[in-house]
Amino acid sequence: MNWPALSVFIVLFLLVTVLGFVAARWRKGDLGLIQEWGLGGGRFGTIVTWFLLGGDLYTAYTFIAVPALVFGSGAIGFYALPYTIIVYPFVFAVMPRLWSVARCHGYITPADFVRGRYDSHGLALAVAFTGILATMPYIALQLVGIEVVLAAMGISGDLPLIIAFAILAAFTYFSGLRAPALIAVVKDTLIYVTVLVAVIVIPIRLGGFGHIFAAVPPAKLLLAPGQYSAYATLALGSAMALFMYPHSITGVLGAQRRDVVRRNMAFLPAYSFLLGVIALLGYMAIAAGVKPNAAYGAQWAVPALFNMMFPAWFAGFAFAAIAIGALVPASIMSIAAANLFTRNIYKEYFRRDCTASQESTVAKTASLVVKGGALLFILFAPTQYAINLQLLGGVWIIQTLPAIGIGLYTRWLHRYALLTGWAVGMALGSWMALSQGFKSSVYPLSIGGFSIPGYAALYALIANLVVAAILSWVFNAASVAAGTDKTQQADYTAEAPVGLAVGPSLA
Amino acid sequence: MSRWAYVLLLLPFAAMLSVPTFASGAPALGGIPFFFWYQFLWVIISALLTGLAYKATVR
């Protein structure tokens, strides 16, 4: 047991626990309303939204898995950098439209939007189902992040993990989105300090960047020409998938103004820089002679590196940064999944006439169930299952892009065509991942004798889009009823006033 | 949003998806191979371009 590290860790963890509960009183609202619990009332300004989205998108698992990939597989793991470079220009163009239309109509989930836009229960259910399905294993992997850093401090057994999760569940239930928003400020500060220290101290101790890169075997240092297409498609596909995840959308919809979303896309790349430095930690671990651990494999690289390079108390600080870094996304993910379940499954299919307070109670309970499920999964199923499912999650969630992303621009794609395309994409993408034995999300597509390795999610999305486009042409030509669009052109660029423009409950 | 703003937003895609243009190790900068420092540089360029697109379309 590493007591100096553990003491620092526990103090910081207690601090954020308190913050999580205090958050309920911050920018006080009626937490008996799902808009207040699940979106923080949509009152977050530029700075809080920056911390919230940064803390939400760059998860603890990312901080463990990206350097682990670089450590184990080399340069291909660096695709995280182009991925998080191109995601912001893309989101800058698309997401303000979602924010505006959501604010005009009181939508709190992507499925709410799809339902209003396409007048289709089936399509909305598909979007909600995909969102929940893709989010669950992602929550489970945040637990893996906590598990790894606990192990690095010499703590084993399930109890500490259960305690950490009970704390997370309690403050999320109590404070809703306000809790991760407030904790994100602390979390990101800890992460920035950790990475700043790491990028200065570790290269000095290893004899400079020249020595670090010289220590990396040539096969891991640069991409092989056969990897170029995989690198590019992984970056592009991941970027297109990221903001289809319910937790990303929840972060966006929590913003106070349309301008807050737009402005943040120019500021969020600061986190990409951070992620790039974190990816380099994989090479630093190679240069420092870190060996993969039997239980955690390459995921051990960063914790082991920190233990080797930092004094114990600062290692504890860094581990706290990672563990707290797991709480923020896990909390937002469970809120987003709960919002989807409540709005698009419970209210849609079980209690059409549920009151506002019943709605928020169901959401709070659902957030507990989602997290409980993730915890049970991690405790009783092999970690590899969660990793495989999360890999599939990316393949699945991108299949909602035609309905959500393209739907924000045009309604030309027909609702039944979108639903069919979605089903084709889900099936094909899952099959591609399965056919690789989950060892990689890269699928070697054969075209005319050439094999082009590429991200399975992107290939499946292309199939989805082709099917959706062809069928839309057929359905539109045959005048199959396209339903009523509840949204108007102007809704997509509206600068809605402060506060949520929602139904009678807030009027 | 004006056409110009969309062009600014497309530049990072063009740069980052043409992998062969930056997949080499030379020229290194302070011991860091080209492949790495070039992509770090693009984090900054891309942020500036998005910032410009924001300025160009702010109401």
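These numbers come from a predicted model, not from an experiment.

**A short note on the overall build of chain A**
No. 1: Helix and strand counts for chain A stand at 22 helices and two strands.
No. 2: Computed over C-alpha atoms, the radius of gyration of chain A comes to 22 Å, within 12% of the 23 Å expected from 2.2 N^0.38 for 507 residues, which places it in the range of a compact globule.
No. 3: Seen through its principal axes, chain A has C-alpha atoms that stretch 70 × 60 × 40 Å.
No. 4: Long-range pairs, those at least 24 residues apart, make up 85% of the contacts in chain A with a sequence separation of at least 6.

**Let's talk about the overall build of chain B**
No. 1: In terms of helices and strands, chain B carries two helices and zero strands.
No. 2: Taking 2.2 N^0.38 as the reference for a compact globule, 59 residues should give roughly 10 Å; the C-alpha atoms of chain B span a radius of gyration of 14 Å, well beyond that estimate.
No. 3: Considered along the principal axes of its C-alpha atoms, chain B spans approximately 45 × 20 × 10 Å.
No. 4: For chain B, the proportion of its 59 residues judged to be buried stands at 27%.

**Things to note about the environment of A:A417**
No. 1: Topologically, A:A417 is positioned in helix α21 (residues 415–435).
No. 2: For the pair A:A417 and A:S238, spaced 179 residues apart in sequence, the C-alpha to C-alpha distance is 24 Å.

**Focus: the confidence of the model for chain B**
No. 1: Averaged over every residue, the pLDDT of chain B is 89; the share at 70 or more is 97%.
No. 2: In the predicted assembly, ipTM is 0.94 and pTM is 0.92.

**Examining the packing of helix α17 (residues 312–350) of chain A against helix α18 (residues 356–380) of chain A**
Residue and element names in this part refer to chain A.
No. 1: Remark: α17 packs on α18, axes separated minimally by 8 Å, with the N-to-C direction vectors making an angle of 125 degrees. Considering their axes alone, α17 and α18 lie oblique with respect to each other. Where α17 crosses over α18, the handedness of that crossing is right-handed. On α18, the residues touching S334, I335, A337, A338, N339, F341, T342, Y346 and K347 of α17 are E359, V362, A363, A366, S367, V370 and K371.

**Some thoughts on the interface of chain A and chain B**
No. 1: Opposite the 29 residues of chain A that make contact, chain B presents 24 residues.
No. 2: Broken down by secondary-structure element, the contributors of at least two residues to the side of chain A that touches chain B are α5 (80–105), α10 (209–215), α12 (228–242), α14 (258–267) and α15 (269–287) of chain A.
No. 3: Take the side of chain A that touches chain B: its biggest share by element is eight residues, from α5(A).
No. 4: Tallied by class, the residues present in the side of chain A that touches chain B amount to 23 nonpolar, four polar and two charged.

**Brief notes about helix α6 (residues 110–118) of chain A**
All names here are of chain A.
No. 1: Of all nine residues in α6, nine are buried, a share of seventy percent or more.
No. 2: Of all the positions in α6, only P110, A111, D112, F113, V114, R115, G116, R117 and Y118 are classed as buried.
No. 3: Tucked into the core, α6 has its buried residues touching α5, α7 (121–152), α13 (246–253), α17, α20 (401–404) and α21.
No. 4: Downstream of α6 by a residue or two, D119 has a phi angle that is positive, lying close to 55 degrees.

**Observations concerning α17(A)**
Residues and elements named next belong to chain A.
No. 1: Taking 1.5 Å of rise per residue, 39 residues should cover 57 Å, and α17 covers 53 Å from first to last C-alpha, within 8% of that figure.
No. 2: At T342, α17 shows its maximal kink, close to 30 degrees.
No. 3: In terms of residue burial, α17 counts as a mostly covered element, since 31 of its 39 residues are buried.

**Side note on the pairing of strand β1 (residues 442–447) of chain A**
Residue and element names in this part refer to chain A.
No. 1: As paired elements, β1 and strand β2 (residues 450–455) share six bridges and run antiparallel to each other. Of the residues in β2, the one forming a bridge with L445 is I452.
No. 2: In sequence, β1 turns back onto β2 through a hairpin of two residues, with G448 there showing a positive phi of about 50 degrees.

**Structural notes on unusual backbone geometry**
No. 1: For the bond from B:A26 to B:P27, the omega torsion is 0 degrees, close enough to zero to count as cis.
No. 2: Looking at the secondary structure, you find B:P27 in the loop between α1 (3–17) and α2 (34–57).
No. 3: Its identity is not glycine, yet A:D119 carries a phi of approximately 55 degrees, on the positive side.
No. 4: Counting through the fold element by element, A:D119 comes out in the loop between α6 and α7.

**Section: the packing of α5(A) against α13(A)**
Residue and element names in this part refer to chain A.
No. 1: The N-to-C vectors of α5 and α13 enclose an angle of 65 degrees; their axes lie 10 Å apart at closest approach. When the axes of α5 and α13 are compared, the pair comes out roughly perpendicular. Once α5 is placed against α13, the crossing between them reads as right-handed. Where α5 abuts α13, its residues M95, L98, W99 and A102 lie against I249, V252 and L253.
No. 2: Here the residues of the contact of α5 with α13 are counted per class, giving seven nonpolar, no polar and no charged.

**Brief notes about the environment of A:G45**
All names here are of chain A.
No. 1: Position of G45 relative to the elements: it lies in the loop between α2 (34–39) and α3 (46–57).
No. 2: Placed 145 residues apart in sequence, G45 and L190 show a C-alpha to C-alpha distance of 21 Å.
No. 3: Ignoring any residue separated from it by four or fewer positions in sequence, one finds G45 in contact with Q256 and V260.

**What about the environment of A:L391?**
Residues and elements named next belong to chain A.
No. 1: Counting through the fold element by element, L391 comes out in helix α19 (residues 383–397).
No. 2: For the pair formed by L391 and A134, sequence separation is 257 residues and the distance between their alpha carbons is 9.0 Å.
No. 3: With residues near it in sequence (within four places) discarded, L391 still touches A433, F438 and S441.

About the cut-offs
- Residues numbered from 1 in each chain as written.
- Chains lettered and ligands numbered in written order.
- Predicted model: local features only at pLDDT ≥ 70, side-chain atom pairs only at ≥ 80, totals over all residues.
- Helix = DSSP H or I, 4+ residues; strand = E, 2+ residues; numbered from the N terminus.
- Rg over C-alpha atoms; globule rule 2.2 N^0.38 Å.
- Contact = placed C-beta atoms within 7 Å.
- Buried ≥ 20, exposed ≤ 12 C-beta atoms within 10 Å, placed from the backbone.
- pLDDT = per-residue confidence, 0-100.
- Axes fitted to C-alpha atoms, helices over the stretch in contact; angles between N-to-C directions.
- Parallel < 35°, antiparallel > 145°, perpendicular 65-115°, else oblique.
- Left-handed = near helix turned anticlockwise from the far one by under 90°.
- Nonpolar A, V, L, I, M, F, W, Y, C, P; charged D, E, K, R; others polar.
- Expected span 1.5 Å × (residues − 1).
- Bend = angle between axes of the 7 residues up to and from the residue.
- Pairing = 2+ DSSP bridges.

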